[in-house]
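# Coordinate analysis (summary)
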Amino acid sequence: MKFLSKTYLLAVLIIGCQGNTDQAPKPRNIILMIGDGMGLSQVSSAFYYQKDSSNFYRFTSMGLIKTSSTSKVTDSAAGATAMSTGVTTYNGAISVDPDSIALETIVDILSLRGWKTGVVSTSSIQHATPAAFYAHNKSRRNYEEISLDLVDSNIDFFAGGGYAGLTQRPDSINLLDSLSAKGIIWDTLKLAKSTDPEEKYGFLLSEWHMPPASDGRGDFLSNAVKLAIDYCSTSNDPFFLMVEGSQIDWGGHENEPDYLISELLDFDKTIGAVLDFAERDGNTLVIVTADHETGGFTLATKDHDYNKIEPTFSTTGHSATLIPVFAFGPEAEKFTGIYKNTAIFDKMMEVVGE
Ligand code: MG
Ligand code: ZN
């Protein structure tokens, strides 16, 4: 009897598998969110400095990454390159290896497979973190070349600051015209109200970086991300989206707790919008992490009064502390454990299939 029932189960399994072969499941969408400079104390501030419940509570899987580049302490360029390409490189490198040879990024790979791809940041779009997802350059400071890579890239949707990088150029080329020539619908004043999945879009809403959240940026980040998700998810193709809270890092460099915390809360709010979509969709993996910690930030006791917190910094640079990784959605459990930042790329590639 045992044998018979096993045979029966096997038959059911085989029929079941065959039934699925002509309808292969759609690959998972991936939304990778990078809080630049966001260490554990930065994340912790979301639990002490807002009335609302933090969206970080909603994650189901957590891990830690070691973020070193070829230096012990990474910068944002090497940190983003590790996640976009899976390769450890030198500080300043934009998706090139230690010999400055261009590396294939996750955007390069997935756009060739017909995925929709998008990048949203609160810095200029040419800044190190977003650049590592569409450009290849030996130096993060070569903004003119990075802007050329943006125009030539396969990215379907981008939003951030930095239109001056396309218009104020020593070579006198107006790259906004080049975007139009490539059929990319762009705007330098506002986000579109609605989008067509057959088109490509670029929104660069300030000359260089977007203003801080507390100084007029409003809900740009969450609105741009919602628009990007609307755009990507109305297409029949799977999508990859990189979202950066760029200025958490800058609050750290400036040792300005109010700046840092307001940027972190804006990022928390954006995480909420992303998780709302991922919950509804059921086929989207959300990963939230950082390239490194900035400022040696802590929520220290003030004057030994254990009822008072005084945000404190130990450096105006980056630190080597391990960085938390939060994951939600199908295959989120892959992101538990302690591993190198390059494994973020490896794990995303495992999720999408080689
Ligand atoms: Mg950045
Ligand atoms: Zn930094």
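The structure we're discussing is the one just above.
Below, the structure is looked at part by part. (Residues numbered from 1 in each chain as written. Chains lettered and ligands numbered in written order. Predicted model: local features only at pLDDT ≥ 70, side-chain atom pairs only at ≥ 80, totals over all residues. Heavy atoms only, no water.)

Turning to helix α6 (residues 143-152), a few remarks are in order. Looking only at α6, the buried set comprises Ile-146, Ser-147, Leu-150 and Val-151. Looking straight down α6, one finds that the buried residues subtend no more than 145° of arc, so they occupy a single side. (Buried < 20%, exposed > 50% of the residue type's maximum accessible area, 1.4 Å probe, protein only. Helix = DSSP H or I, 4+ residues; strand = E, 2+ residues; numbered from the N terminus. Arc of directions from axis to C-beta.)

Around the zinc ion (ligand 2), the protein contributes the donor atoms Asp-249 (OD), Asp-249 (OD), His-253 (NE2) and His-318 (NE2), which lie 2.1 to 2.4 Å from the metal centre. Angles of 55 to 156° at the metal separate the four donor atoms of the zinc ion (ligand 2), which places the site in the irregular class. The motif formed by the donor residues of the zinc ion (ligand 2), counted along the single chain, is D-x3-H-x64-H. Residue Asp-249 and its partner His-253 are both found in helix α10 (residues 248-253); the two are separated by four residues, about one turn of the helix. Overall, the relative accessible area of 30% leaves His-253 in the partly exposed class. (Donors = N, O, S within 2.8 Å, 3.2 Å for Na, K, Ca; no water. Tetrahedral: all angles 85-135°; square planar, octahedral: opposite > 155°, others 65-115°.)

Moving on, we come to the coordination of the magnesium ion (ligand 1). Think of it this way: four donors in a tetrahedron around the metal ideally sit 109.5 degrees apart, and six in an octahedron ideally sit 90 or 180 degrees apart. The magnesium ion (ligand 1) binds to the protein through Asp-36 (OD), Thr-129 (OG1) and Glu-244 (OE); the donor distances cover 2.0 to 2.2 Å. Each donor residue of the magnesium ion (ligand 1) lies on the same chain, and together they follow the pattern D-x92-T-x114-E. Pair noted here: Asp-36 is in the loop between β1 (29-35) and α2 (40-44) and Thr-129 is in helix α5 (residues 128-131), with a separation of 93 residues, a long-range link. Grouping residues by exposure puts Asp-36 and Thr-129 together as buried.

Moving on: the side chain of Ser-206. Among the secondary structure elements, Ser-206 is positioned in the loop between β6 (200-204) and α9 (220-233). A polar atom in the side chain of Ser-206 sits 2.9 Å from the backbone oxygen of Trp-208. (Polar contact = N/O pair within 3.5 Å; in protein donor to acceptor, adjacent residues only side chain to side chain.)

Next up on the list: the pattern of salt bridges. A full pass over the atoms with the stated rule returns 13 salt bridges. Here Asp-187 makes a salt bridge to Lys-190, at a shortest N to O gap of 3.3 Å. In this structure, the salt-bridge partner of Glu-310 is Lys-302, at a minimum N-O distance of 3.5 Å. Residue Glu-310 is classed as partly exposed on the basis of its relative accessible area, which comes to 33%. Through salt bridges with shared partners, a single ionic network connects Arg-28, Glu-331 and Lys-334. (Salt bridge = Lys/Arg side-chain N within 4 Å of Asp/Glu carboxyl O.)

If a strand is regular, its side chains alternate between the two faces of the sheet. For strand β8 (residues 284-289), the tally of buried residues reaches six of six residues, placing the bulk of the element in the interior. Burial of the side chains of β8 extends over both faces: Thr-284, Val-286 and Val-288 are buried on one face and Leu-285, Ile-287 and Thr-289 on the other. Relative to β8, β1 runs parallel, the two being bridged by six bridges. What sits directly across from Ile-34, in β8, is Thr-289. (Pairing = 2+ DSSP bridges.)

What follows deals with the packing of α9 against helix α11 (residues 257-281). Packed helices, taken two at a time, are described by the angle between their axes plus the distance between the axes. Between α9 and α11, whose axes approach to 9 Å, the crossing angle comes to 20°. It follows from the interaxial angle that α9 and α11 lie roughly parallel. At the point where α9 passes α11, the crossing takes the right-handed sense. Where α9 abuts α11, its residues Leu-221, Ser-222, Val-225, Lys-226, Ile-229 and Ser-233 lie against Asp-266, Phe-267, Lys-269, Thr-270, Ala-273, Val-274 and Phe-277. Its residues assigned to classes, the contact of α9 with α11 comprises seven nonpolar, three polar and three charged. (Axes fitted to C-alpha atoms, helices over the stretch in contact; angles between N-to-C directions. Parallel < 35°, antiparallel > 145°, perpendicular 65-115°, else oblique. Left-handed = near helix turned anticlockwise from the far one by under 90°. Contact = heavy atoms within 4.5 Å. Nonpolar A, V, L, I, M, F, W, Y, C, P; charged D, E, K, R; others polar.)

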